[in-house]
Every structure is written in structure tokens, then in C-alpha cells.
Amino acid sequence: MSIGTFTVRPLDPLKDAELLHSWVTHPKAAFWMMQDARLQDVEREYMRIAAHEHHHAYLGLHDGAPAFLMESYDPRYVELVGLYNPKPGDVGMHFLVAPTDRPVHGFTRAVITAVMAELFADPATRRVVVEPDVGNTAVHALNEAVGFVSDREIDKPEKRALLSFCTREQFEAARGVAV
């Protein structure tokens with residue numbers, strides 16, 4: 001059974017802020033740490049990301065309709081500076097699936113797979129790095145399902161995080177693609 005087609009486009013911080021605000025303040029987005037954000041806070045945060053040379057935000061579409069948020073960043077300059085030794089080709093990633101009243105079985109896994117495929121579509125990407133909250137066991141399981149291997153817990157200013165890595169080869173093996 002096909003879940004549909006996933007695409008991404010650059011996020012427009014002003015045009016997309018209202019939609020994003022409804023996503024990041026939803027109870028299911030607790031680990032996004034923006035529960036109390038006002039619309040202006042969301043606009044400001046994504047304008048900051050849009051202006052940043054090493055951090056990018058994308059709106060993910062499912063069959064043309066907004067369905068998830070994807071961020072990529074260079075861990076040498078954003079999020080993980082001084083917390084691990086980055087390798088050439090490392091790309092950091094965050095993703096958030098939009099809340100829904102009608103969940104589709106396998107949808108979130110399809111989203112993270114699409115996000116990873118998008119990141120690895122760039123031949124310069126050799127390894128994807130994530131740092132989810134240690135308590136976010138649901139995302140740990142999703143990460144593992146697409147090939148991530150946990151490295152260690154780290155202390156970030158805002159949370160205790162599980163540093164994990166996924167190489168192109170690990171992702172392709174998890175997808176069942178011959179390497």
C-alpha cells in the first residue's frame with residue numbers, strides 16, 4: 001500500500017508561520033519545546049533560521065498538502081558545536097509531523113524516510129546526525145528503523161539528548177536497498 005508522494009519546499013517564515021504555530025504548540029509537539037510560543041515567536045524563530053547560513057527549514061508536503069516540518073543544519077555551526085567531533089559530510093536534522101485527527105498507520109515512518117532520502121539526495125551528505133530528547137522514545141524507535149545508531153547522551157542547554165548517527169549505507173540497508 002502506497003502512502004502517497006512526499007516533497008519539500010523551502011519554508012516561508014511569514015506565509016507559513018500560522019500553520020507552523022498550530023503544529024509546534026500542539027500537545028503532540030511537546031518535544032519541539034515551543035508549546036507556549038506566540039505566532040510572533042514562531043515567525044521570529046523561522047526568520048532567524050531563514051537568515052542563517054548553516055540552518056535551513058522546509059515545509060514537507062504529502063500529495064501536495066502541508067504535512068511536516070523538516071530542518072537541516074551544519075552541526076559544525078549549529079546545535080552541536082563543541083558537543084561532538086563532526087566529520088566531513090555530517091548534516092543535522094529535525095522533523096515534526098503535523099498533528100492530525102485521522103492518523104495513517106506508517107505515516108510518520110514514511111515521513112522520516114522521505115526526510116532522510118531528501119538529505120541523502122545531496123551527494124555531499126555522508127552521515128545524518130540527530131539529537132532528540134532522551135525521553136522521546138517514539139522518535140528513538142523511528143530513528144532506529146531508518147538506520148540510526150545511538151552514540152551517547154549529551155547535555156545541550158535546553159535538554160539531555162541522545163546523539164545518534166546514520167550513514168548513507170545504514171539508511172539504505174534499513175530501507176532494503178542494495179548498496
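Quick notes on the rules
Residues numbered from 1 in each chain as written. Predicted model: local features only at pLDDT ≥ 70, side-chain atom pairs only at ≥ 80, totals over all residues. Heavy atoms only, no water. Phe/Tyr/Trp six-rings, centres within 6.5 Å; stacked < 30°, edge-to-face > 60°. Helix = DSSP H or I, 4+ residues; strand = E, 2+ residues; numbered from the N terminus. Core = buried A, V, L, I, M, F, W, Y, C linked by side-chain atoms within 4.5 Å. Buried < 20%, exposed > 50% of the residue type's maximum accessible area, 1.4 Å probe, protein only. Contact = heavy atoms within 4.5 Å. pLDDT = per-residue confidence, 0-100. Axes fitted to C-alpha atoms, helices over the stretch in contact; angles between N-to-C directions. Parallel < 35°, antiparallel > 145°, perpendicular 65-115°, else oblique. Left-handed = near helix turned anticlockwise from the far one by under 90°. Nonpolar A, V, L, I, M, F, W, Y, C, P; charged D, E, K, R; others polar.

### Overview of the packing of aromatic side chains
Remark: the centre distance and the inter-plane angle together describe each pair of aromatic rings, the angle taken between the planes.
Then, number 1: In total, this model carries four aromatic pairs according to the counting rule given.
Then, number 2: Each ring, one from Phe 6 and one from Phe 107, has its centre 5.6 Å from the other, and the planes form 50 degrees; the classification is tilted. Pair noted here: Phe 6 is in strand β1 (residues 6-10) and Phe 107 is in helix α3 (residues 107-120), with a separation of 101 residues, a long-range link.
Then, number 3: Ring geometry for Tyr 84 and Phe 165: centres 5.4 Å apart, planes at 50 degrees, overall tilted. In this pair, Tyr 84 sits in the loop between β3 (65-73) and β4 (90-97) while Phe 165 sits in strand β7 (residues 160-167), placing the two residues 81 residues apart along the sequence.

### Side note on the nonpolar core
What tends to happen in soluble globular proteins is that the nonpolar side chains get buried as a cluster.
Then, number 1: Within the largest apolar cluster, 22 residues are counted, with the highest numbers of intra-cluster contacts made by Met 93, Phe 95, Val 115, Met 116 and Phe 148.
Then, number 2: Here the element with the most residues in this core is α3; it accounts for seven residues.
Then, number 3: Sequence-distant contacts of Met 116, defined by excluding residues within four places in its chain, comprise Met 93, Val 128, Val 146, Phe 148, Cys 166 and Phe 171.
Then, number 4: Counting residues in each nonpolar core, the second largest holds 17 residues, with Leu 20, Val 24, Tyr 46 and Leu 69 among its members.

### A word on the confidence of the model for the protein
Then, number 1: Summing up the model confidence of the protein, the mean pLDDT is 92 and the portion of residues at 70 or higher is 98%.
Then, number 2: Per-element averaging of pLDDT across the protein places helix α2 (residues 39-51) at the bottom with 91 and strand β5 (residues 127-130) at the top with 98.

### Here we look at the packing of α3 against helix α4 (residues 137-145)
Then, number 1: Their axes nearest at 10 Å, the elements α3 and α4 cross at an angle of 55 degrees. Classified by the interaxial angle, the pair formed by α3 and α4 is oblique. With respect to the hand of their crossing, α3 and α4 are arranged in right-handed fashion. Along the contact surface, α3 presents Thr 108, Arg 109 and Ile 112, while α4 presents Leu 142, Asn 143 and Ala 145.
Then, number 2: Residues that form the contact of α3 with α4 fall into these classes: three nonpolar, two polar and one charged.

### Points about the environment of Leu 14
Then, number 1: Tracing the backbone through its elements, the reader meets Leu 14 in the loop between β1 and α1 (17-24).
Then, number 2: On the accessibility criterion, Leu 14 (51% relative accessible area) is exposed.
Then, number 3: C-alpha separation for the pair Leu 14 and Met 47, spaced 33 residues apart in sequence, amounts to 7.7 Å.
Then, number 4: Sequence-distant contacts of Leu 14, defined by excluding residues within four places in its chain, comprise Glu 43 and Met 47.

### Comments concerning unusual backbone geometry
Then, number 1: A positive phi angle, close to 50 degrees, is found at Asp 63, a residue other than glycine.
Then, number 2: You can see Asp 63 is positioned in the loop between β2 (55-62) and β3.
Then, number 3: Even without being a glycine, Glu 79 presents a positive backbone phi close to 70 degrees.
Then, number 4: Looking at where Glu 79 falls in the secondary structure, it is placed in the loop between β3 and β4.
Then, number 5: Note on Glu 79: relative accessible area 28%, which makes it partly exposed.

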